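# Coordinate inspection notes
Listed below are the residues making up each chain.
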Amino acid sequence: MATQQSFEQAVAEFIELTKRELGKEALEHLPPPPPSPFDQSGPPFETSHRFDERTIRNFVLSIGDDNPLFVDPDYGANSIYGSQIAPGPILALARYPSAHGVVRPLGYPMANFISGTAWEFYDVIRAGSKFRSSKVTKELLERDGSQGKLIFLISETFYWDFHGDLPAKSYGTQIMVPQQNMGSTRTVPLERLGKQMMYKRKASGYSEHQINEYVDQIEKFTRRGSDPLYWEDVKIGDKIGPLVMPPWSLQDMIARHFMDYCADVLTPKSDKLPHLAADALAFEPLYRRAKGKGSGGRIHPVTRWPWAAGNEHEDALMAIYRGQPGPFDFGVQRVQIPQKLLSDWAGDHGFIRRLYIALRKPTFYGDVSIYSGEVVQKFKETQEGDSLPGGHPGRNEYCAVGISISGMNQVGESHAPGTATVYLPSKNNGPVILPVPHVSRPPFVGYEEYRKDWY
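This text gives an overview of the structure that appears in the document. This one's a predicted model, so the numbers in the text were calculated from it and none came from an experiment.

### Quick look at the overall build of the chain
On a plain count of helices and strands, the chain comes out with 11 helices and 14 strands. Taking 2.2 N^0.38 as the reference for a compact globule, 455 residues should give roughly 23 Å; the C-alpha atoms of the chain span a radius of gyration of 22 Å, in line with that estimate. Counting all 455 residues of the chain, 55% fall into the buried class. Pairs at least 24 apart in sequence give 74% of the contacts found in the chain among residues at least 6 apart. Here the chain has roughly 19,600 Å² of accessible surface; of this, 52% comes from carbon and sulfur atoms. Of the charged side chains in the chain, 50 are positive and 53 negative, and the gap between their average positions amounts to 6 Å.

See below:
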């Protein structure tokens, strides 16, 4: 039993059992089981979201984007796509892009954080789309970091629409940070709370001068829209942005909850806990579930009542259970935001082909985020596909630019660096032809490849 283990034994068990699961379907973030109407016979598994006009609009607004291509069906109908579309990272709603390894009722003594996502896009996501997905943990890497030993879980997720087409796939990086103060379970005993903090920083205040500077940058960032940006007119060294996101608030977090927390099941069946949607309970039923989870729940450091583990993100007093000094953002929300920097710059005629965003530090309550980019490569590439199920046949040449992305906060910390490849229309080669030809099962791209200059 976990309570009879040492900290070292618990970490070793997690590593050993998770390695055994490599290459198998990760049975997490699935739609609610019967009597819900979703097909449970996967993989691939039916996803619970249908990307209708309202869902797309609500999603992009939850990541701070009001591009009419995404929020206005009439604008989309008159665009080159003929319909409202969604930014590619919306597929994180269809299936969370990283996996958490093996689970057990009392948990393992590790703080977990999504540490980045890499995307390959082959087509736009059109209003009305619904998906099936398959997520497999492919790699387990052990690294030494500033917080001690780190365990990287690298997953590969395929997203097929109900026509069997594959518009995208993702690679998710989940970092598990062993925490000795947790003992052998996932919960820090009350007497050890605050003894092992990952960061120490108070919420930032802003002078009137700083506020005016950020507001000025917000107002200056413009959207290209339907005016094409041609490949020939782009130069290496061109700057993009900055895109400034105002101080992060609990409202920003609630927007994410609103979009996806009620629509999937976080824990796999092997967890031996009630198989419920993540935010399906509140008040007294939630209390009973938190109480029933024992050490898997949390004891509030002030009230001493059982508390839901999910509150570690937004509750200023519960964040300490994750080694954080205050409320901090959902990484899966932050990795979706930089697409606005690219799509507003490239305009309606550009297409984000590859996008990787890494997460270096949390965004804490009151933090400003400043995203900027630079064109560092300019090239042409040829894509070929096949006619097998999920593939798209053909052979096309694309005019591409490689972009380096910087995500900084107000105190100068790099918290979301990344890279991207954007296809642009060409005066000589013509428009970007979609779907991009691809084989039915595009090969796996490992962490050591996509974490570098992935252009």
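### Concerning the pattern of salt bridges
Under the definition given, this model contains 31 salt bridges. Glu142 is the partner of Lys19 in a salt bridge, and the nearest nitrogen-oxygen pair spans 4.0 Å. Here the residue Lys19 occupies a position in helix 1 (residues 7-20), and Glu142 occupies one in strand 5 (residues 129-145), the gap between them amounting to 123 residues. Where Arg354 meets Glu381, a salt bridge forms, and the shortest distance between an N and an O atom there is 3.0 Å. Remark: Glu381 occurs in strand 12 (residues 369-385) and Arg354 occurs in strand 11 (residues 351-358); sequence separation between them is 27 residues. For the pair Arg354 and Glu381, a shared accessibility class is recorded, and that class is buried. Shared partners join several salt bridges into a network, and the residues in it are Asp65, Asp66, Arg223, Lys340 and Asp344.

### Overview of the environment of Pro435
Within the secondary structure, Pro435 is located in the loop between strand 14 (418-423) and helix 11 (447-450). Residue classification places Pro435 among the partly exposed positions, given a relative accessible area of 22%. For Pro435, the residues in contact, after removing those within four places along its chain, are Tyr122, Asp123, His392 and Tyr398.

### A short note on the environment of Pro89
Turning to its location among the elements, Pro89 is positioned in the loop between strand 2 (85-86) and helix 5 (91-94). In sequence terms Pro89 and Glu21 are 68 residues apart; their C-alpha atoms lie 26 Å from each other. With residues near it in sequence (within four places) discarded, Pro89 still touches Phe59, Trp119, Phe121, Gln336, Gln339 and Leu355.

### Digging into the layout of surface pockets
Reported here for the second largest pocket is a volume of approximately 470 Å³. Taken together, 29 residues form the lining of the second largest pocket, with Ile63, Gly64, Met245, Pro246 and Ile337 sitting closest to its centre. For the lining of the second largest pocket, the elements supplying multiple residues, two or more each, are helix 2 (53-62), strand 8 (239-245), helix 7 (250-260), helix 9 (331-334), helix 10 (338-346) and strand 12. Grouping the constituent residues of the lining of the second largest pocket by class yields 13 nonpolar, seven polar and nine charged.

### What to know about helix 2
Taken residue by residue, helix 2 has Thr55, Ile56, Asn58, Phe59, Val60 and Ser62 as its buried positions. Positive backbone phi, approximately 75 degrees, marks Gly64, located one or two places after helix 2.

### Describing empty space enclosed by the protein
In this approach the atoms are scanned with a rolling probe the size of a water molecule, which exposes any empty space left behind. In total, this model carries five cavities of 30 Å³ or more according to the counting rule given. Considering only enclosed or pocket space, the largest cavity measures out at about 250 Å³ in volume. If you go around the largest cavity, you meet 22 residues; those closest to its centre are Phe70, Pro87, Gly350, Phe351 and Ile352. Every element with two or more residues in the lining of the largest cavity is listed here: helix 3 (68-71), strand 2, helix 10 and strand 11. Among the elements that take part in the lining of the largest cavity, helix 10 stands out by supplying four residues, more than any other. Looking at side-chain class alone, the lining of the largest cavity contains 14 nonpolar, six polar and two charged residues. Its boundaries defined by the atoms lining it, the second largest cavity holds a volume of some 80 Å³. Along the walls of the second largest cavity sit Phe59, Ser62, Ile63, Ala92, Leu93, Arg256, Met259, Asp260, Val332, Gln333 and Gln336, which together make up its complete lining.

### Comments concerning the nonpolar core
Core analysis: the biggest nonpolar cluster contains 65 residues, and Phe51, Leu91, Trp345, Val401, Ile403 and Leu424 have the highest contact counts within it. Considering each element in turn, this core owes the most residues, six residues, to strand 13 (residues 394-409). Formed by 26 residues, the second largest nonpolar core is a distinct cluster that contains Phe152, Leu193, Tyr356 and Ala358.

### Brief notes about the sheet that holds strand 8
Strand order in the open sheet made by the 10 strands is 1-5-6-7-3-11-14-13-12-8, with antiparallel pairing throughout. Taken across any chain shown, the strands that pair with only one partner, and hence form the sheet edges, are strand 1 (45-51) and strand 8. In this sheet, neighbouring strand axes are inclined to one another by 25 degrees on average, regardless of whether the strands run parallel or antiparallel. Pairing of strand 8 with strand 12 involves five bridges; the strand directions are antiparallel. Its bridge partner being in strand 12, Val244 is matched across the sheet by Ile370.

### So, the pairing of strand 3 (residues 110-121)
Most of strand 3 is tucked away: 12 of the 12 residues are buried. Sheet analysis places strand 3 next to strand 7 (residues 168-178), joined by 11 bridges and oriented antiparallel. Residue pairing for strand 7: Thr117 is matched across the bridge by Gly172. Strand direction decides the pairing type here: strand 3 and strand 11, joined by five bridges, are antiparallel.

### Some points on a nonpolar patch on the surface
Nonpolar side chains collect at one region of the surface, where Leu250, Ile254 and Tyr365 lie side by side and expose about 270 Å² of accessible area between them. Assignment of secondary structure puts Ile254 in helix 7.

How each quantity is defined
Residues numbered from 1 in each chain as written. Predicted model: local features only at pLDDT ≥ 70, side-chain atom pairs only at ≥ 80, totals over all residues. Heavy atoms only, no water. Helix = DSSP H or I, 4+ residues; strand = E, 2+ residues; numbered from the N terminus. Rg over C-alpha atoms; globule rule 2.2 N^0.38 Å. Buried < 20%, exposed > 50% of the residue type's maximum accessible area, 1.4 Å probe, protein only. Contact = heavy atoms within 4.5 Å. Areas by Shrake-Rupley, 256 points an atom, 1.4 Å probe, with all protein chains shown as cover. Lys, Arg positive; Asp, Glu negative; His and termini not counted. Charge placed at Lys NZ, Arg CZ, Asp CG, Glu CD. Salt bridge = Lys/Arg side-chain N within 4 Å of Asp/Glu carboxyl O. 1 Å grid on protein atoms, 1.4 Å probe; cavity = no way out; pocket = protein on both sides within 12 Å on 5 of 7 lines; lining within 4 Å. Points joined across faces, edges and corners; volume = space filled by probe spheres on them. Nonpolar A, V, L, I, M, F, W, Y, C, P; charged D, E, K, R; others polar. Core = buried A, V, L, I, M, F, W, Y, C linked by side-chain atoms within 4.5 Å. Pairing = 2+ DSSP bridges. Axes fitted to C-alpha atoms, helices over the stretch in contact; angles between N-to-C directions. Patch = residues over 30% accessible without salt bridge, like charges linked within 9 Å, V, L, I, M, F, W, Y side chains within 5 Å.

These figures capture arrangement, not role.
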